[in-house]
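Per-entry structural report
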Amino acid sequence: MDVVVAGQGYVGLPLAVRAAEVGHRVVGYDVDLHRIKRLAAGESYVEDVTSSRLRAVLDSGAYFATADAAALAGFDIAVITVPTPLRDGVPDLTYIESCARMLGEHLRPGATVVLESTTYPGTTEELLLPILEQTSGLKGGVDFLAGFSPERIAPGNKRWSFEGTPKLVSGIDAKSLHAIKGFYDGIFQTTVPVSGTRIAEMAKLIENVFRFVNISLVNEMATLAAPLGVNIWEAIDAAATKPFGFTRFTPGPGVGGHCLPVDPLFLSWKVQQELGVPFRFVELANDVNRHMPDYVVRRLAEALDKRNMPINGSRILLLGLTYKINATDLRESPSARVAELLINLGAEVRGADPNIPEGDDTKLNVPLVDASAEDIAASDAVVLLMDHARFDLAMVEKNAPYVLDCRNRLSGPNVEVL
């Protein structure tokens, strides 16, 4: 089939490359010209797609990247994988809207459009479908097919591969569901059909709300355990020995990425708009997680104070700036807020993260240094925010005068855990 994947980011590029590998002719569309140039040169910026895989589908002719909307004409199936950010607490669906208008101009009878971008229940039928119908002059479910299939990307996850993660699929009607399931059956090992698009949209939010709330729970417990003289990490390990009724979550400096700090608030916004009531669990979880960087800085300030060292003027090295272990993604990472708070208190802040791609360092609010023994020893304090495999943690233990370990990976007289 002729496939369009609109959006070539962390969600769209893995899908586009995988679809090309299984035999489809794929157009990867993106408005970012810098991305398109890198893709055309066979250079992947997504960790789950190696440059060698990208070059293979480019060389075979099964995939090409473009910013020219005219190249989208004649598609059999188009998948929308564009961002859905929050703007001042309100879902911003302008990327979906503009993409739907663009695809509507090229929509022809018999074609299928699938939304993968995370959003609130009702978006596919209330927003996407009317735009496609208005732009194309065709009728959904009669002339063309449509549905929703939420992405389940887990960057760097070695246990669950892209194609090995079960894929939820839905359609606006039975015919749409059949077509969408057939497409994804050839890409994923398992597809899970559900009765409608609202169910699939809600399921995605349930997945993320579950993680968001449970992370906030252990984060708040961490802030309470320390004053009570309890090692929260040991307590969690002990609780995790129960073989039923418990899922292990661990504390940290906050949540980040394109999902957890954003997606649960889509549902909170929708509930408030439609029902006029707050989604209290999500709002409380958001408050807890949003203030974890403040707790990290407070703990660091207290530790330095015990050493007769004011935070103003201290040299602080932040280790691990991405939002997830071994990832390259800086989006919504709590490290930015930790750095901002320390800078505002007068600290001299540096960062170290070997995973950040060249060029992405312009997104940081601190200068980057190597996590060398010299850099570690020259710091008054080191904060381990993300425990990437590329860090030499034994060397950090040996050379750092003091470490605030937010990941429970270090030990010794100079180490405190969050």
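The paragraphs below set out a description of the structure included in this document. (Residues numbered from 1 in each chain as written. Predicted model: local features only at pLDDT ≥ 70, side-chain atom pairs only at ≥ 80, totals over all residues. Heavy atoms only, no water.)

1. Side note on the overall build of the protein chain
For the protein chain, the helix and strand inventory stands at 14 helices and 15 strands. Here the C-alpha atoms of the protein chain give a radius of gyration of 23 Å, agreeing with the 22 Å that 2.2 N^0.38 yields for 418 residues. Going through the 418 residues of the protein chain one by one, you find that 52% of them count as buried. The contacts in the protein chain between residues at least 6 apart in sequence include a share of 69% that link residues at least 24 apart. About 18,600 Å² of surface is accessible on the protein chain, with carbon and sulfur atoms providing 53% of the total. (Helix = DSSP H or I, 4+ residues; strand = E, 2+ residues; numbered from the N terminus. Rg over C-alpha atoms; globule rule 2.2 N^0.38 Å. Buried < 20%, exposed > 50% of the residue type's maximum accessible area, 1.4 Å probe, protein only. Contact = heavy atoms within 4.5 Å. Areas by Shrake-Rupley, 256 points an atom, 1.4 Å probe, with all protein chains shown as cover.)

2. Here we look at the pattern of salt bridges
According to the stated counting rule, one finds 20 salt bridges in the structure shown. A network of salt bridges, in which partner residues are shared, links E126, R198, K270 and E274. (Salt bridge = Lys/Arg side-chain N within 4 Å of Asp/Glu carboxyl O.)

3. A short note on the packing of aromatic side chains
A full pass over the atoms with the stated rule returns five aromatic pairs. Pairing F162 with F188 gives two aromatic rings, centres 4.9 Å apart and planes at 45°, and the pair type is tilted. One end of the pair, F162, is in the loop between β8 (145-148) and β9 (167-169); the other, F188, is in the loop between α6 (174-185) and β10 (191-193), with 26 residues separating them in the sequence. Cluster of aromatic residues (ring-pair linked, three or more members): F162, F183, Y184 and F188. Residue placement shows K167 over the ring face of Y184; its charged tip is 4.9 Å from the ring centre. (Phe/Tyr/Trp six-rings, centres within 6.5 Å; stacked < 30°, edge-to-face > 60°. Lys NZ or Arg CZ within 6 Å of the ring centre and 35° of its normal.)

4. Looking at the sheet that holds strand β3 (residues 63-66)
Sheet architecture is open: six strands sit in the order β3-β2-β1-β4-β7-β8, paired in parallel fashion. The two strands at the open ends of the sheet, each matched to only one other strand, are β3 and β8. Mean inter-strand twist for the sheet, computed between neighbouring axes without regard to direction, equals 15°. Note: strand β1 (residues 2-6) against strand β2 (residues 25-29), five bridges, orientation parallel. (Pairing = 2+ DSSP bridges. Axes fitted to C-alpha atoms, helices over the stretch in contact; angles between N-to-C directions.)

5. Side note on the environment of Q272
Tracing the sequence through the fold places Q272 in helix α9 (residues 263-275). When the C-alpha atoms of Q272 and S176 are compared, they prove to be 31 Å apart, with 96 residues separating the residues in sequence. Apart from the residues lying within four places of it in its own chain, the contact partners of Q272 are V277 and P278.

6. Section: the sheet that holds strand β12 (residues 348-352)
Ordered by their spatial adjacency, five strands build an open sheet running β12-β11-β13-β14-β15, and the pairing between neighbours is parallel. The outermost strands of the open sheet, each flanked by one partner alone, are β12 and β15 (415-417). The mean inter-strand angle of the sheet, taken between neighbouring strand axes irrespective of direction, is 20°. As defined by bridge partners, strand β11 (residues 315-319) adjoins β12 across five bridges and the pair is classed as parallel. Pairing of L319 across the sheet is with A352, part of β12. Contacts between helix α12 (residues 334-344) and the sheet are confined to β11 and β12, with β11 contributing the most and set at about 175° to the helix.

7. A short note on the environment of D76
Structurally, the position occupied by D76 is in the loop between β3 and β4 (77-80). Accessibility expressed as a relative area gives 24% for D76, which makes it partly exposed. Spatially, the C-alpha atoms of D76 and C99 are 16 Å apart, while their sequence positions differ by 23 residues. When near neighbours in sequence (up to four residues on either side) are disregarded, D76 contacts M1, D2, R108, A111 and T112. Polar side-chain contacts of D76 include one of 2.8 Å to the side chain of R108. (Polar contact = N/O pair within 3.5 Å; in protein donor to acceptor, adjacent residues only side chain to side chain.)

8. Quick look at the packing of helix α10 (residues 280-290) against helix α11 (residues 292-306)
Interaxial distance between α10 and α11 falls to 4 Å at its minimum, and their mutual angle equals 30°. Relative to α11, α10 is oriented roughly parallel. Contacts between α10 and α11 involve V288, N289 and R290 on the former and, on the latter, M292, P293 and D294. In terms of residue class, the contact of α10 with α11 is made up of three nonpolar, one polar and two charged. (Parallel < 35°, antiparallel > 145°, perpendicular 65-115°, else oblique. Nonpolar A, V, L, I, M, F, W, Y, C, P; charged D, E, K, R; others polar.)

9. Some details on the side chain of K270
With respect to the helices and strands, K270 occurs in helix α9. In this view, K270 contacts Y120, P121, E126 and L275; residues no more than four positions away in its chain are not counted.

10. Some thoughts on the packing of helix α7 (residues 197-225) against α10
Taken N-terminus to C-terminus, the directions of α7 and α10 make an angle of 50°; their axes are 9 Å apart at the nearest point. Of the possible angle classes, the one that applies to α7 and α10 is oblique. Crossing of α7 over α10 shows left-handed handedness. Residues V209, F212, V213, I215, S216, N219 and E220 of α7 form the contact with α10, whose participating residues are F281, V282, A285, N286, V288 and N289. (Left-handed = near helix turned anticlockwise from the far one by under 90°.)

11. Some details on the nonpolar core
If you look at the biggest cluster of nonpolar residues, it comprises 37 residues, and the most contacted ones within it are F75, I80, L103, L107, V113 and L132. Apart from residues lying up to four places away in sequence, I80 is in contact with A6, C99, L103, V113, V114, L115, E116, S117 and L128. Ranked by size, the runner-up nonpolar core spans 30 residues in total, among them V46, V49, V114 and F188. (Core = buried A, V, L, I, M, F, W, Y, C linked by side-chain atoms within 4.5 Å.)

12. Digging into helix α1 (residues 12-21)
For α1, a buried count of eight out of ten residues is recorded, marking the element as mostly surrounded by other parts of the structure. Along α1, the residues classified as buried are G12, L13, P14, L15, A16, V17, A19 and A20. One or two positions beyond α1, positive phi appears at G23, with a value near 115°.

13. Some details on unusual backbone geometry
The backbone phi angle of N308 is positive, close to 55°, even though this residue is not glycine. Counting through the fold element by element, N308 comes out in the loop between α11 and β11. Of note in this structure, N326 is not a glycine but carries a positive phi near 60°. Looking at where N326 falls in the secondary structure, it is placed in the loop between β11 and α12.

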